[in-house]
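Per-entry structural report
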Amino acid sequence: MNEARHHDVVVLGAGVSGIYQIKRLVDLGLDAIVLEADEDLGGTWYRNRYPGCRFDSESYTYGYSFSRELLDEWHWKERFSSQPENLRYLNFVAEKFDLRRHMRFDARVEAMRWSEDERLWRLRLGNGDEYSARFVVSGIGVLSTPAMPRYPGLSDFEGDAFHTYGWPQDPVPLAGRRVGVMGTGATGIQVIPAIADEVDELFVFQRRPNWSTPLGNAPISEAEMDEIRSRYDEIFANCAVTHGGFDHLPEPRRFRDATPEERRALWDELYATPGFAIMASNFPDIFVDEDANREISEYVARRIRERVKDPTVAEKLIPKDHGFATQRLPLETNYYEAYNRENVHLVDLSETPIERFTQRGVQTTDRHYALHLMVFATGFDAVTGSWDRMEVRGAGGVSLAEKWRDGPSTYLGLMTHGFPNLLMVAGPQSVSGSTNFPRAIENGVEWVTRFLEHATSRGVTRVEAREDAEREWVREVVAAQERMLLRRSRGWFTGYNANVAGHGEGTVRYLAYWGGAPRYNERIREAAAEGYRGIAMD
Ligand code: NAP
């Protein structure tokens, strides 16, 4: 048996959260290390290598803001940067601040157990190595456990098949092949148009359509990048005061304050504006008011009809079961035009469900589709999936998966009662899932770092969220979600996933805080300013 290696802090995951968290802990002078399951850093941007994978956030709002030097040195080449470039960026950051030496790769934590006597966490990796740490800070991300569908005969299929999260590092041949894509969420909507002109035939197996609006990507020239650099303070200030953490300022009018012509004019403008403007700068009540939401949904449906030549296909691409932006809105580049191609075929699974996979392809109730490659863009066991797959035992041996069986319960998305000395950056019930991820991550890292500084400088060896403080936060999380029309949607925002046991229809989870980034940041700042009243320390 190996002897456990001890550190003051173990950080889980070398993605966007872990990279910044380790920098701050090392700056603080703590003995900290990152344990990363993959063979290299990057998290989401290391794993999602599928064609078309890119930011939906403006690149310059996605990068870290903590270092002026870094902001000055890095040139984002596109307004919405692609996965290879994003991975290069994260490597650039790690090299610049010499962070790799604090990271261990191929280090998947399988189990962690709180040892009350020693006041530390004991962690066991997949390879049997053991670590111990006074504090564990998690940066495991909210979309890092892919979910595969459960169809009969899946393992019989002899062609290539993989989930987009596991897209191989080696080039995947597409030319001349018959390819199937299952899933029309943000991932499917990116991958479908990106491969449509390369493959021989493309079959999209759609269960339910999603709303989607244009991304508006474009290159960023040297001159434009200089201009962006000169505005960085303003850009990050905008992100800090807007609900979703984007550089799109809110529309001051409410839906009912505007005439139908004025609404139409605003929506025409927003539809043509890159990025999430159509959400962030829309009338705020489209997210909470049925009538407002119905009208914007009708508007976007019209735009889809204008772009898809075959009216039958257009109708199949328009969601009928949920309103605009009540599930995570994917942004698209020529997605609707892909269906105007002769080699792209929409297979509507609501009309002709899949019966089984076969050795050669997919059998629906209507016909057999022979395929060389099947791509599963079927999403994730979101937010709590990665926690559920680790054996985490807190005070008294309580299991985290058990505690969170019907949904997570946290204090400010940062801690959970019964699991002392465990901190979460971008945890469940924070704003990481509901706003521009890295903006939330930076705030989370800052909070965790200051808290650890506060605790360690006072010789505190045990910290735990108080039960009543957690209950109060969960109440606020629930109330915020219940105000939104999205509360009824069947997507990962509400914890719905038919491929994951216990996450099917009828179960609603409260996975993210929907009160907006500014209010969330105010709450966590207050918690610190009040001397961390919600946390027991000794
Ligand atoms: P997703 O939004 O959960 O979509 C999964 C898709 O797979 C849905 O269309 C779903 O259909 C379908 N599906 C699942 N199981 C199926 C089955 N058994 N049979 C047929 N269809 C099935 O997953 P995602 O597209 O990977 O996106 C997840 C999140 O990742 C996004 O919401 C976003 O936050 C993030 N993301 C971000 C970017 C970006 O920033 N640009 C890009 C990609 C992903 P139903 O709707 O019927 O369940």
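Refer to the preceding data block for the structure.
These lines cover the structure that appears in this document, whether it is placed above or below. (Residues numbered from 1 in each chain as written. Predicted model: local features only at pLDDT ≥ 70, side-chain atom pairs only at ≥ 80, totals over all residues. Heavy atoms only, no water.)

Both faces of strand β16 (residues 373-376) are covered, namely the face carrying Leu373 and Val375 and the face carrying Met374 and Phe376. In terms of strand pairing, strand β7 (residues 160-163) meets β16 through 4 bridges, oriented parallel. Across the sheet, Ala161 pairs through a bridge with Met374, a residue of β16. Sheet analysis places strand β8 (residues 178-182) next to β16, joined by 4 bridges and oriented parallel. Bridging across to β16, Val179 finds its partner in Leu373. (Buried < 20%, exposed > 50% of the residue type's maximum accessible area, 1.4 Å probe, protein only. Helix = DSSP H or I, 4+ residues; strand = E, 2+ residues; numbered from the N terminus. Pairing = 2+ DSSP bridges.)

Strand residues, when the strand is regular, have side chains that alternate between the two faces of the sheet. Pairing of strand β13 (residues 354-357) with strand β14 (residues 361-364), which is carried by 3 bridges, proceeds in the antiparallel orientation. Following the sheet pairing, Phe357 is matched in β14 by Val362. Hairpin connection, β13 to β14: the antiparallel pair is bridged by 3 residues. Direction of pairing for β14 relative to strand β15 (residues 368-370): antiparallel, over a ladder of 3 bridges. By the bridge assignment for β15, Gly361 is matched with Ala370.

Sheet strands pair by backbone hydrogen bonding; their relative direction is either parallel or antiparallel. Within the open sheet, the 3 strands sit side by side as β13-β14-β15. Their pairing is antiparallel. Of all the strands in the sheet, just β13 and β15 have a single pairing partner and so form its edges. Within this sheet the neighbouring strands show an average axis-to-axis angle of 20°, counted without direction. (Axes fitted to C-alpha atoms, helices over the stretch in contact; angles between N-to-C directions.)

Let us now look at the pattern of salt bridges. Inspection of the entire model under this criterion finds 51 salt bridges. Residues Asp129 and Arg5 are paired through a salt bridge, measuring 3.1 Å at the closest nitrogen-oxygen approach. Placement of the pair is Asp129 in the loop between β5 (120-125) and β6 (130-138) and Arg5 in strand β1 (residues 5-12), with a sequence separation of 124 residues. The exposure class assigned to Asp129 is buried, which follows from its relative accessible area of 16%. On the accessibility criterion, Arg5 (38% relative accessible area) is partly exposed. Between Arg124 and Glu110 there is a salt bridge whose closest N-O contact spans 3.9 Å. Here Arg124, found in strand β5, pairs with Glu110, found in strand β4 (residues 109-115); they are 14 residues apart in sequence, far enough to count as distant. In this structure, a network of salt bridges that share partners links the residues Arg208, Asp321, Arg490 and Glu505. (Salt bridge = Lys/Arg side-chain N within 4 Å of Asp/Glu carboxyl O.)

By nearness alone, 25 residues border the ligand, and Arg54, Tyr151, Thr187, Trp492 and Asn499 come closest of all. Ala186 places a main-chain nitrogen or oxygen 3.0 Å from an oxygen atom of the ligand. Contacts to the ligand include Ala377, whose backbone N or O atom sits 3.4 Å from an oxygen atom. The fraction of the free accessible surface of the ligand (900 Å²) that becomes covered by protein chains is 88%. Sorting elements by how many residues they give to the shell around the ligand places helix α6 (residues 186-195) first, with 3 residues. Residue composition of the shell around the ligand, grouped by class: 12 nonpolar, 8 polar and 5 charged. (Near = heavy atom within 4 Å. Polar contact = N/O pair within 3.5 Å; in protein donor to acceptor, adjacent residues only side chain to side chain. Areas by Shrake-Rupley, 256 points an atom, 1.4 Å probe, with all protein chains shown as cover. Nonpolar A, V, L, I, M, F, W, Y, C, P; charged D, E, K, R; others polar.)

Evaluated as defined, the whole model comprises 40 aromatic pairs. With a centroid separation of 5.1 Å and an interplanar angle of 90°, the aromatic rings of Trp45 and Phe55 are classed as edge-to-face. Linking Trp45 in helix α2 (residues 44-47) with Phe55 in the loop between α2 and α3 (59-62), this pair joins segments that are 10 residues apart in sequence. For Phe55, a relative accessible area of 3% corresponds to the buried category. (Phe/Tyr/Trp six-rings, centres within 6.5 Å; stacked < 30°, edge-to-face > 60°.)

One can describe the packing of helix α1 (residues 16-28) onto helix α16 (residues 437-457) by two numbers: an axis separation of 9 Å at closest approach and a directional angle of 30°. Classed by the angle they form, the pair α1 and α16 counts as roughly parallel. Considering the relative orientation of α1 and α16, their crossing is right-handed. Of the residues in α16, those touching α1 at Val16, Ser17, Tyr20, Gln21, Arg24, Leu25 and Leu28 are Pro438, Ile441, Glu442, Val445, Glu446, Val448, Thr449, Leu452 and Glu453. When grouped by side-chain class, the residues that make up the contact of α1 with α16 number 9 nonpolar, 3 polar and 4 charged. (Parallel < 35°, antiparallel > 145°, perpendicular 65-115°, else oblique. Left-handed = near helix turned anticlockwise from the far one by under 90°. Contact = heavy atoms within 4.5 Å.)

Turning to the side chain of Thr164, a few remarks are in order. Looking at the element boundaries, Thr164 is found in the loop between β7 and β8. Residue contacts for Thr164: discarding those within four places in its chain leaves Arg47, Asn48, Arg49, Tyr50, Thr187, Val375, Phe376 and Ala377.

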